[in-house]
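A structural walkthrough
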Amino acid sequence: MDHFLYRDGVLHAEDVPVAEIAASVGTPFYLYSTATLVRHYRLFDEALSWGPHLVCYAMKAASNQAILKTLAAEGAGMDVVSGGEYARARAAGVPGDRIVFSGVGKTEDEVRLALEGGIRQVNVESEPEMRMLSEVAVSMGVEVPITVRVNPDVDAQTHAKIATGKSENKFGIPIAKARAVYAEAAALPGLRVIGIDVHIGSQLTQLAPYGQAYAKVAELTRQLRADGHEITRLDLGGGLGIPYTRSNEAPPLPTEYGQLVQETVGDLGCEIEIEPGRLIAGNAGILVSRVIYVKEGEGRNFLILDGAMNDLIRPAMYEAHHDIVPVIEPVPGVEQVAYDVVGPVCESGDTFAKGRLMPPLAAGDLVAFRSAGAYGAVMASEYNTRPLVPEVMVKDDQFSVIRERPTFDEIINRDTIPEWL
């Protein structure tokens, strides 16, 4: 469920007409609903209410400080995968003891930044990283709580580019090596082993892969405890999918996921951490764009928008589907037109949809890409010297620009010309 609904013939974000925001901000822009963000976080929090837990929002999905502060006020922790995300979380007021540091390629500088500012735990991805972390911790005179990310070799049955739990993926250590790696971790100074970390992928639409992975984690927990390790925390990752189309087939609900977690690892007495990103932010955001031209091609109609692949890369990168709807509600029963929906970037890959059936549209009309809140603005670029898309947040009947659109001068003036020119 989201809070982008037609009212009096106009798409609204909560109680604000989207067209009103477009008139004020210009297009394209990202638009987030506070009510949707909060509702989705609370669904996860309630799904794990049967035991001690922390829902750590995966910042890589959407990391504007306004989003972080909104979720932190609800009690969310943060899952970060870079020094920049760590700094952004702290700038948004998130305390260090609610920040989990994940990521396969942490650098020494990033680790120092996190240890200086405070960290809940570091999810270690490899033996070399573990040894580096030990050296840094010793040099700083601190002890770091760690989990080791294990790769359970489970097929998440998702897009190949967002699968992370198979043996050929770069993430974590093979679960078969876990006991040896934990033994080394326990012997290294500056590290305190507290738990296990696992994450098998993103946009999962079935619970079965989770069940397979968590069963392996439960077995490993018992083995490690028998080896003398104190395993008190299980970081089970995120990845639960969202419906990108308005079909009857929907991914599992957070309540069903929470029940699975309880059934597979609930008897171990561990604190549970999860790291959802897409399901919290995905349907909480839309991308609003304006039609520049409608062009008749050879046997097809092109809907040319002012939004482009640099603004929303998911269709070009993942062949991802986004529902595209007019901001002005179409007349019931209107005959649909097949459009290739494209942007102005000089690449054929700048295509959002082909042969998409939509109501007739004309130059100047506004459209909204639904389910664009996750991996939209954070993956945007300034390709073709197109300004980064502004971000706007709505709460009830108010809206605020939470990231401004840079001017051409601001973009160009970041260049530095060598003295020989």
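Preceding this section is the structure that the text describes.
Figured I'd write up the structure that's included with this text.

Parameters at a glance
- Residues numbered from 1 in each chain as written.
- Predicted model: local features only at pLDDT ≥ 70, side-chain atom pairs only at ≥ 80, totals over all residues.
- Heavy atoms only, no water.
- Axes fitted to C-alpha atoms, helices over the stretch in contact; angles between N-to-C directions.
- Helix = DSSP H or I, 4+ residues; strand = E, 2+ residues; numbered from the N terminus.
- Parallel < 35°, antiparallel > 145°, perpendicular 65-115°, else oblique.
- Contact = heavy atoms within 4.5 Å.
- Nonpolar A, V, L, I, M, F, W, Y, C, P; charged D, E, K, R; others polar.
- Pairing = 2+ DSSP bridges.
- Buried < 20%, exposed > 50% of the residue type's maximum accessible area, 1.4 Å probe, protein only.
- Lys, Arg positive; Asp, Glu negative; His and termini not counted.
- Salt bridge = Lys/Arg side-chain N within 4 Å of Asp/Glu carboxyl O.
- Patch = residues over 30% accessible without salt bridge, like charges linked within 9 Å, V, L, I, M, F, W, Y side chains within 5 Å.
- Areas by Shrake-Rupley, 256 points an atom, 1.4 Å probe, with all protein chains shown as cover.
- Phe/Tyr/Trp six-rings, centres within 6.5 Å; stacked < 30°, edge-to-face > 60°.
- Lys NZ or Arg CZ within 6 Å of the ring centre and 35° of its normal.
- Core = buried A, V, L, I, M, F, W, Y, C linked by side-chain atoms within 4.5 Å.
- Arc of directions from axis to C-beta.
- Left-handed = near helix turned anticlockwise from the far one by under 90°.

**Details of the packing of helix H6 (residues 127-140) against helix H7 (residues 178-187)**
- Remark: H6 packs on H7, axes separated minimally by 10 Å, with the N-to-C direction vectors making an angle of 10 degrees. Overall, the two elements H6 and H7 adopt an arrangement that is roughly parallel. Residues Glu 127, Met 130 and Arg 131 of H6 touch H7, and the partners they reach there are Val 181, Glu 184 and Ala 185.
- Considering only residue class, the contact of H6 with H7 consists of three nonpolar, no polar and three charged.

**Some points on the pairing of strand S1 (residues 4-7)**
- Two strands pair when backbone bridges link them, and S1 and strand S2 (residues 10-13) are joined in this way by four bridges, in the antiparallel orientation. Paired with Leu 5 across the two strands is His 12, which belongs to S2.
- Between the end of S1 and the start of S2, which pair antiparallel, lie two residues, with Asp 8 showing a positive phi angle near 55 degrees.

**Details of the side chain of Arg 314**
- Within the secondary structure layout, Arg 314 lies in helix H11 (residues 314-318).
- Look at Arg 314: it is buried, it has no salt bridge, and the nearest opposite charge is Glu 319 at 9.6 Å.
- With sequence-adjacent residues up to four places away left out, Arg 314 is seen in contact with Tyr 244, Arg 278, Glu 319, Ala 320, His 322, Ala 374 and Tyr 375.

**What to know about a nonpolar patch on the surface**
- A surface patch of nonpolar side chains, about 460 Å² in accessible area, is lined by Ile 417, Trp 420 and Leu 421.
- You can see Ile 417 is positioned in the segment after helix H12 (408-412).

**What about unusual backbone geometry?**
- The omega angle of the peptide bond from Thr 27 to Pro 28 is -5 degrees, so this bond is cis rather than trans.
- With respect to the helices and strands, the residue Pro 28 is situated in the loop between helix H1 (18-25) and strand S4 (29-33).
- Although it is not a glycine, Glu 14 adopts a positive phi angle of roughly 55 degrees.
- Of note, Glu 14 is situated in the loop between S2 and strand S3 (16-17).

**A closer look at the sheet that holds S3**
- The strand order S1-S2-S3 describes an open sheet built from three strands, whose pairing is antiparallel. In this open sheet, the two strands that pair with only one neighbour each are S1 and S3.
- Here S2 pairs with S3 via two bridges, running antiparallel. Counterpart to His 12 in the pairing with S3 is Pro 17.

**Considering the packing of aromatic side chains**
- Tallying each qualifying case throughout the model produces five aromatic pairs.
- Both rings, one in Phe 44 and one in Tyr 257, keep their centres 6.5 Å apart while their planes meet at 85 degrees; by these two values the pair is edge-to-face. Residue Phe 44 is found in helix H2 (residues 34-47), and its partner Tyr 257 is found in helix H9 (residues 254-265); the two are separated by 213 residues along the sequence.
- Assessed through its relative accessible area of 2%, Tyr 257 is described here as buried.
- Ring centres of Tyr 210 and Tyr 257 lie 5.1 Å apart, and the angle between their planes is 70 degrees; this geometry places the pair in the edge-to-face category. Of this pair, Tyr 210 sits in helix H8 (residues 208-226) while Tyr 257 is found in helix H9, placing the two residues 47 residues apart along the sequence.
- Given the relative accessible area of 1%, Tyr 210 is considered buried.
- An aromatic cluster of three or more residues is present, and its members are Phe 44, Tyr 210, Tyr 214 and Tyr 257.
- For the cation-ring pair, Lys 106 lies above Phe 101, with the distance from its terminal atom to the ring centre recorded as 5.8 Å.
- When the ring centre of Phe 302 is taken as reference, the NZ or CZ atom of Lys 295 above it lies at 5.4 Å.

**So, the pattern of salt bridges**
- Evaluated as defined, the whole model comprises 20 salt bridges.
- Among the salt bridges present, the one from Arg 112 reaches Glu 108, with a minimum N-O distance of 3.5 Å. Linking Arg 112 with Glu 108, this pair stays in helix H5 (residues 108-117), spanning four residues, or about one helical turn.
- Note that Lys 177 is salt-bridged to Glu 127, the shortest N-O span being 2.8 Å. Of the two residues, Lys 177 sits in the loop between strand S10 (173-174) and H7 while Glu 127 sits in helix H6, which places them 50 residues apart along the sequence.
- Overall, Lys 177 belongs to the partly exposed group, its relative accessible area being 39%.
- Salt bridges sharing partners connect three or more residues here, namely Arg 120, Arg 233, Glu 271 and Glu 273.

**Details of the nonpolar core**
- Core analysis: the biggest nonpolar cluster contains 117 residues, and Phe 29, Leu 31, Tyr 57, Met 78, Leu 234 and Leu 236 have the highest contact counts within it.
- By residue number, the principal contributor to this core is H8, which donates seven residues.
- Beyond its immediate chain neighbours, meaning those up to four positions away, Leu 31 contacts Phe 4, Ala 13, Val 18, Ile 21, Ala 284, Gly 285, Ile 286, Val 392 and Val 394.

**Observations regarding H1**
- All buried positions along H1 are accounted for by Val 18, Ile 21, Ala 22 and Val 25. The arc that holds the buried residues of H1, viewed along the axis, is 100 degrees, so those residues lie on one side. Away from its buried face, by an angle of more than 90 degrees, H1 presents the exposed residues Ala 23 and Ser 24.
- A positive phi of about 85 degrees marks Gly 26, the residue just after H1.

**What to know about the environment of Gly 373**
- One can find Gly 373 in the loop between strand S19 (366-369) and strand S20 (391-395).
- When the C-alpha positions of Gly 373 and Ile 194 are compared, they lie 33 Å apart, and in sequence the two are 179 residues distant.
- In contact with Gly 373, not counting residues within four places along its chain, are Tyr 32, Ala 61, Ala 62, Ala 281, Gly 282 and Gly 285.

**What about the packing of helix H4 (residues 83-91) against H5?**
- Running from amino to carboxyl end, H4 crosses H5 at an angle of 20 degrees, the nearest separation of the two axes being 9 Å. Taken together, the axes of H4 and H5 lie roughly parallel to each other. H4 and H5 meet at a crossing whose hand is left-handed. Contacts from Gly 83, Tyr 86 and Arg 90 in H4 reach Glu 110, Leu 113, Ala 114 and Gly 117 in H5.

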